[in-house]
Amino acid sequence: MKAIEIRTYGGPEGLAVVDLPTPAPAAGRVLIATEAVGVGGVDVVIRKGALSALGFKEGHVPGSEVAGTVTSVGEGVDRSWIGRRVWGFTGRGGGYVEQAIAEVHDIVPLPADLSAVDAVTLGSSGVVAHYGLAHARFAPGESVLIRGAAGSIGIAAVQLAARRGAAAVAVTTSSAERGERLRRLGASHVLDRSGNPVRSTDGRDAGDAPEGYDVIVDVVAGPDMPSFFDRLNPNGRMVAVGVVGGWPPADFGTKLMAAFQKSPTFAYFSADSVTPADQRAVRREQFAAATRGELKAVVHEVLPLDQAVLAHHKMDTGEVFGRIVLTP
């Protein structure tokens, strides 16, 4: 089968198309003939070598979510899964393939009206956005800032916060044009990457953005993350759900402690801390919401699997709005 592996960690050119044997599912697992593969920010972080301490080595196949049809099952798995369309989580890798393996507890049936492309656009991102807001104890009527809102996690968080009654949903992004697209998805205020208001494309004043926020969901992290602690209201909560901008400074806690009298809270969130059963429940609800038009999957571009290098180039340049999807 055709697959993409990391030959050399660093730039996108380190990705290579290879032929691998079609795997057989072990006990408790299924084999999925992939129709769509999501390209996530974590794939880029892994490919750059930033997570080498976790044991990633040359030959690693990136990708963590796929959608397609179950073609075979391992021992102990109900054979009624065979022939069903599913979304599947492949773990820390193994997704950029024509035939993917997933644990049976990490698959979710797809509604008939939901495309495989939309499924991998929402599948992981929607869950991270949902639990990121929950981890921050977001409540209706509070103000929310989504830092790095143009990616699939940020877009999902914007929609969920707006649907759940946020008093304000501010976003940071790289251009007024992207800001307008985020406004159409539920954002009320658009800020630049530093957190300063951006005038809308129709000339509307953007100076009415809140000075502080009850909740900040940060997809970016990176060296500028500590500066956003200043934007937390008293008892405000910031949750970092990604590190697409790199790791924050080692001493970032010093900045947080400087605001001691405001009782701010900072936390990281990883979906690994949520049980598969709870994740499945959220995915089912979000997939159903997407079929009803209540949650939008924003797809930047669909590319063939063998153009993974191009997909990662686009991710590196920051031009992606939503998600890039690969199709075998």
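Scroll up a little and you will see the structure.
These remarks concern the structure in this document. Note that this is a predicted model, so its numbers are computed, not measured.

With respect to the sheet that holds strand β12 (residues 232–240)
If you walk across this open sheet you meet the 6 strands as β10-β9-β8-β11-β12-β13, and the pairing is parallel. A single partner strand is all that each edge strand has here, and the edge strands are β10 (189–191) and β13 (265–268). Pairs of neighbouring strands in the sheet enclose a mean axial angle of 15°, with direction left out of account. Of the pairings in the sheet, the one linking strand β8 (residues 143–147) to strand β11 (residues 213–218) comprises 4 bridges and is parallel in character. Considered in β11, the bridge of L145 is made with I216.

Quick look at the nonpolar core
The biggest cluster of nonpolar side chains holds 54 residues, and the ones touching the most others in it are V144, I146, V158, V171, L182, V241 and F287. Here this core gets 10 residues from one element, more than from any other, and that element is helix α2 (residues 116–135). Core analysis: the next-biggest nonpolar cluster, separate from the first, contains 34 residues, L51, F56, V97 and A311 among them.

Observations concerning the packing of α2 against helix α6 (residues 276–291)
The N-to-C vectors of α2 and α6 enclose an angle of 120°; their axes lie 9 Å apart at closest approach. Looking at the two axes, α2 sits oblique to α6. Between α2 and α6 the crossing geometry is right-handed. Of the residues in α6, those in contact with A119, L122, G123, S124, G126, V127, H130 and Y131 of α2 are D278, Q279, V282, R283, Q286, F287 and A290. By residue class, the composition of the contact of α2 with α6 is 7 nonpolar, 6 polar and 2 charged.

A word on the pattern of salt bridges
Close approach of charged atoms allows side chains with opposite charge to pair. Under the definition given, this model contains 14 salt bridges. Among the ionic pairs, D316 bridges to R47, the shortest N-O distance being 2.8 Å. Here D316 is found in helix α7 (residues 308–317), whereas its partner R47 is found in helix α1 (residues 41–47), with 269 residues between them in sequence. With relative accessibility at 0%, the residue R47 sits in the buried group.

So, α2
For an α-helix the count is 3.6 residues per turn, leaving residues at separations of three or four pointing the same way. For α2, which comprises 20 residues, the first-to-last C-alpha distance of 28 Å matches the rise-based estimate of 28 Å (1.5 Å per residue) to within 8%. Along α2, the sharpest kink reaches roughly 30°, centred on S125. Counting buried positions along α2 gives 16 out of 20 residues, so the element sits mostly inside the fold. Directly beyond the C-terminal end of α2, a positive phi value near 55° is found at R137.

What to know about the packing of aromatic side chains
Considering all chains together, one arrives at 5 aromatic pairs under this definition. Look at F266 and Y268: their rings are 5.0 Å apart centre to centre, the planes differ by 80°, and that puts the pair in the edge-to-face class. Through pairs of rings, three or more aromatic residues link up here, namely F229, F252, F266 and Y268. Sitting over the face of the ring of F228, R231 holds its NZ or CZ atom 5.7 Å from the ring centroid.

So, the side chain of R178
Within the element layout of this structure, R178 appears in helix α4 (residues 176–184). Buried charged residue R178 carries no salt bridge. Nearest counter-charge: E177, at 5.2 Å. Here G318 takes part through its backbone oxygen, which lies 3.0 Å from a polar atom of the side chain of R178. Of note is the side chain of R178, whose polar atom sits 3.2 Å from the backbone oxygen of V320.

What counts, and at which threshold
Along each chain, the written sequence defines residue order, and numbers are assigned to residues from 1. Two thresholds apply to this predicted model, a pLDDT of at least 70 for residue-level local features and 80 or more for giving and counting side-chain atom pairs, whereas whole-chain, interface and lining totals are computed over all residues. Only heavy atoms go into the side-chain values, all of them from the structure, while hydrogens and water stay out. Strand pairing is assigned whenever DSSP identifies at least 2 bridges connecting the two strands. The helix count covers DSSP runs of H or I at least four residues long, the strand count covers runs of E at least two residues long, and both are numbered beginning at the N terminus. As a rule, the C-alpha atoms of each element are fitted with a line to give its axis, helices using only the stretch in contact, and angles between N-to-C directions run from 0 to 180 degrees. Put simply, buried Ala, Val, Leu, Ile, Met, Phe, Trp, Tyr and Cys residues joined by side-chain atoms within 4.5 Å make one nonpolar core. Note on classification: 1.4 Å probe, protein chains only; a residue is buried when its accessible area is under 20% of the maximum for its type, exposed when over 50%, partly exposed between these limits. Roughly parallel means an angle under 35 degrees; roughly antiparallel, over 145; roughly perpendicular, 65 to 115; everything else is oblique. It is the rotation of the near helix from the far one that decides the hand of a crossing: anticlockwise by less than a right angle makes it left-handed, clockwise makes it right-handed. Here, residues are in contact when the closest pair of their heavy atoms is within 4.5 Å. Residue classes follow a fixed rule: Ala, Val, Leu, Ile, Met, Phe, Trp, Tyr, Cys and Pro count as nonpolar, while Asp, Glu, Lys and Arg count as charged, and any other residue, Gly among them, counts as polar. The term salt bridge refers to a side-chain nitrogen of Lys or Arg lying within 4 Å of a carboxyl oxygen of Asp or Glu. For a helix, the expected span equals 1.5 Å multiplied by the residue count minus one. Two axes are fitted around each residue, one to the seven residues ending there and one to the seven starting there, and the angle between them is reported as the bend at that residue. Side-chain rings of Phe, Tyr and Trp (the six-membered ring for Trp) are treated as a pair once their centres are within 6.5 Å; stacked means planes under 30 degrees apart, edge-to-face means over 60, and tilted covers the remaining angles. Two thresholds decide whether a charge sits over a ring: the Lys NZ or Arg CZ must be within 6 Å of the ring centre and within 35 degrees of the ring normal. We treat Lys and Arg as the positive residues and Asp and Glu as the negative residues; His and chain ends play no part in the count. The definition of a polar contact used here is a pair of N or O atoms within 3.5 Å, where within protein one atom must be able to donate a hydrogen and the other to accept one, and adjacent residues in sequence count solely through side-chain atom pairs.

Function cannot be read off these values alone, since they describe shape.
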